[in-house]
Amino acid sequence: MSILEKINTSNDVKKLSTEELVPLCEEIRAFLIDSVSRTGGHLASNLGTVELTVALHRVYDSARDRILFDVGHQSYTHKILTGRRESFSTLRQFGGISGFPKPYEAPDDPFVAGHASDSVSVALGMAHARTLSGEDYDICAVIGDGAMTGGLSFEGLSNAAQSGEPMVVILNDNNMSIAENVGGAAKILQSMRIKPAYLSFKRRYRKLFRHLPALYRFNHALKEWIKSHLLPDDIFSEMGFYHIGPINGHDVHTLENVIRWAREMHSPVLVHVLTKKGKGYPFAEKDPEHYHGVGPFDPAVGIPPEGESFSSRFGDALCRFASRDERIAAITAAMSGGTGLESFAAQYPERFFDIGIAEEHAVSMAGGMAKQGLLPVFAVYSSFLQRGFDMLIHDIALQGLHAVFAVDRAGLVGRDGETHQGSFDISFLSTVPGMTVFLPASFSELEGMLEKALYSCDGPAAIRYPRGGEGDYRDCRCESESVLREGRDVTIVSYGVMINEALKAADILEIKGISAEVVKIGQIRPNGFEVVSASLKKTKKLIVTEDVCAFGSVGAQIMTALSGKTEIKAFRLLNLGDGVVPHGSVEELRRFCAVDAAAVVEAARDMLGGE
Ligand SMILES: Cc1ncc(C[n+]2csc(CCOP(=O)(O)OP(=O)(O)O)c2C)c(N)n1
């Protein structure tokens with residue numbers, strides 16, 4: 001039996017001898033590489049946090065204490081050690097375990113995670129609850145240097161430091177976000193990382209002056225005076241944390257001792273830990289950015305190159321527009337690779353802005369740029385743009401500023417699950433005053449609509465498109481509404497890549513003797529849905545299928561626009577309901593949420609009768 005096989009709970013980790021810890025970490029690394037290469041998932045971040053997680057479980061009891069992994073993409077070792085080793089082959093599969101912490105999955109996951117920078121705030125909230133209830137448990141937040149570029153983390157730190165609430169914050173510093181980390185906060189951490197070198201210099205310096213104690217004392221006093229009067233202390237101590245580190249994040253024994261010590265200080269303590277992203281798998285150590293999140297791959301060969309996607313086509317198109325228009329500036333919140341902006345960054349470095357994991361700041365910055373005559377394009381995942389909702393209204397819409405939001409990963413994203421599904425963008429973008437929202441269904445529509453967003457809109461414009469590639473529909477119909485297929489019996493409305501489900505359903509219905517008219521929506525806000533209305537005059541029956549939440553959906557908007565004007569005898573709005581959808585492949589989730597072609601067929605037959 002391997003050491004890993006003996007472990008099913010946090011307490012089993014505590015029963016191991018200290019000699020067993022290093023081999024345990026090796027076993028975990030091998031297990032991670034083997035398992036993630038089969039299922040896909042977040043690899044490099046997890047390889048970097050093996051020793052840290054083992055040490056955490058030596059000190060804390062995760063069933064009783066609260067260990068909060070910021071973002072949560074690095075919580076695989078925690079899952080493996082807390083009873084989920086055997087189900088790890090189901091990671092990110094429909095019905096299997098999630099790639100992020102989920103309280104419904106195990107009591108060891110104390111809070112939902114997926115979006116960055118909130119762990120310190122959540123930890124502080126739990127600490128206040130503990131104080132008020134008089135309960136006894138420990139709290140530890142683990143946050144990466146990338147997540148620490150988000151302003152929210154500093155709001156939490158600033159408050160936690162002054163609260164005096166006992167809690168430990170572990171700063172897992174690997175000098176990387178998904179790509180290289182950026183910004184002033186990253187620079188501060190870089191200077192702190194130099195500290196081990198400084199300490200070894202100090203040791204050698206002391207040895208040198210061993211025989212000249214008077215001179216050493218004078219130099220030391222002078223240095224201390226300069227330090228205390230002229231140099232700022234480190235930012236965490238200044239805030240009010242006991243600041244320990246930096247320490248080697250791959251030395252499991254030191255980590256255990258230091259974390260135990262930090263826990264026993266019963267104060268706000270920050271432990272700065274240095275780790276290597278991708279540790280132990282040469283491909284990932286060499287290129288941690290591309291091994292951050294991976295699909296299934298052969299561990300002997302590494303990950304294959306990615307194919308064309310809406311993201312890559314967006315990036316290429318933006319480069320073409322930027323070559324003719326110097327006003328165009330591209331912004332990303334730490335997602336240059338995911339949003340397809342890598343070639344823009346290489347070609348136009350002076351007009352490319354990676355601002356860290358700070359979506360709110362990105363939207364406000366786009367406002368400032370637009371006001372001063374630039375044409376900013378913020379490429380951002382749909383679920384992360386939720387962070388910038390107030391800024392969309394306050395810093396963009398109230399002044400009618402012309403900024404473009406390239407909303408990637410719109411609709412169902414698949415295996416990342418609840419926290420990452422782009423379920424809400426249609427709803428929240430539709431409430432932003434003056435916002436035009438484009439809904440491309442193919443690569444060529446993406447390019448045509450991006451041109452419209454850049455050059456046919458005065459105010460804010462968003463263009464939303466999904467993860468991955470296009471389906472069978474490859475035409476370019478950039479108008480607000482278009483009839484893709486004529487029919488008599490029922491009107492099926494859809495948009496984006498979901499139009500493929502509508503067209504598939506129409507094919508199936510035809511075989512069954514039902515004639516469906518398919519209307520594609522290319523743009524909302526403004527859209528009077530005149531084409532849908534004209535179609536309904538014929539069919540009087542409406543089905544709308546879309547992969548967004550019900551409230552504020554395009555279907556709901558059509559019903560509002562046409563009510564009292566167009567006779568609708570029957571209708572079905574197929575959508576994601578409250579928008580909370582688990583992980584699985586996109587196809588599985590479409591089926592699960594009943595928005596796929598089969599669901600459309602069923603709805604039509606329900607309305608019209610027939611077998
Ligand atoms: C609000 C938000 N924006 C973007 C992301 C996408 N994202 C996931 S992990 C990550 C990098 C995090 O870096 P770090 O905290 O240093 O952890 P590491 O992966 O380096 O261990 C990013 C940008 C996110 N999860 N949440």
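Notes on the structure in this doc start here. (Residues numbered from 1 in each chain as written. Predicted model: local features only at pLDDT ≥ 70, side-chain atom pairs only at ≥ 80, totals over all residues. Heavy atoms only, no water.)

### Comments concerning the site of the ligand
For the ligand, the set of nearby residues contains 22 residues, the closest of which are S45, H73, G146, K277 and E359. Taking A147, its main chain carries an N or O atom lying 2.9 Å from an oxygen atom of the ligand. In the complex, 98% of the free accessible area of the ligand, which totals 580 Å², lies under the protein chains. Classifying every residue of the shell around the ligand by side-chain character gives 9 nonpolar, 9 polar and 4 charged. (Near = heavy atom within 4 Å. Polar contact = N/O pair within 3.5 Å; in protein donor to acceptor, adjacent residues only side chain to side chain. Areas by Shrake-Rupley, 256 points an atom, 1.4 Å probe, with all protein chains shown as cover. Nonpolar A, V, L, I, M, F, W, Y, C, P; charged D, E, K, R; others polar.)

### Here we look at the sheet that holds strand β18 (residues 541-545)
In space, the 5 strands of this open sheet follow the order β14-β16-β15-β18-β19, with mixed pairing throughout. The open sheet terminates on both sides in strands that have one partner only, identified here as β14 (481-485) and β19 (570-574). In this sheet, neighbouring strand axes are inclined to one another by 20° on average, regardless of whether the strands run parallel or antiparallel. Each of β15 (490-494), β18 and β19 touches helix α25 (residues 597-608); the most contacted strand, β18, lies at about 165° to it. (Pairing = 2+ DSSP bridges. Helix = DSSP H or I, 4+ residues; strand = E, 2+ residues; numbered from the N terminus. Axes fitted to C-alpha atoms, helices over the stretch in contact; angles between N-to-C directions. Contact = heavy atoms within 4.5 Å.)

### Observations regarding the sheet that holds strand β17 (residues 523-524)
Judged by pairing direction, the sheet is mixed, and its 7 strands sit side by side in the order β9-β8-β10-β11-β13-β12-β17 without closing on themselves. If you trace the sheet from one side to the other, it starts and ends with β9 (352-354) and β17, each paired once. Bridge count for strand β12 (residues 436-438) against strand β13 (residues 461-464) is 3 bridges, and the pairing is parallel. Bridge assignment links V437 to a residue of β13, and that residue is A462. On top of the sheet, helix α16 (residues 359-371) reaches β8 (328-332), β9, β10 (375-381) and β11 (404-408); it is set at about 165° to β10, its chief contact.

### Comments concerning the pairing of strand β6 (residues 268-274)
The buried fraction of β6 is high, at 7 of 7 residues. Of the two faces of β6, both are covered, the one formed by P268, L270, H272 and L274 as well as the one formed by V269, V271 and V273. Both strand β4 (residues 167-173) and β6 contribute to a ladder of 7 bridges, which runs parallel. Bridge pairing links N172 to V273 in β6. Between strand β5 (residues 242-248) and its parallel partner β6, the chain crosses via helix α12 (residues 252-264), and the hand of that crossover is right-handed. (Buried < 20%, exposed > 50% of the residue type's maximum accessible area, 1.4 Å probe, protein only. Right-handed = clockwise from strand over helix to strand, strands pointing away.)

### Some words on unusual backbone geometry
In the segment running from G245 into P246, the intervening peptide bond is cis, with an omega of 5°. Looking at the element boundaries, P246 is found in strand β5. A cis amide bond links R525 to the next residue, P526, at an omega of 0°. One can find P526 in the loop between β17 and α22 (530-539). Look at N175: it is not a glycine, yet its phi comes out positive at around 65°. Its relative accessible area of 29% is what places N175 among the partly exposed residues.

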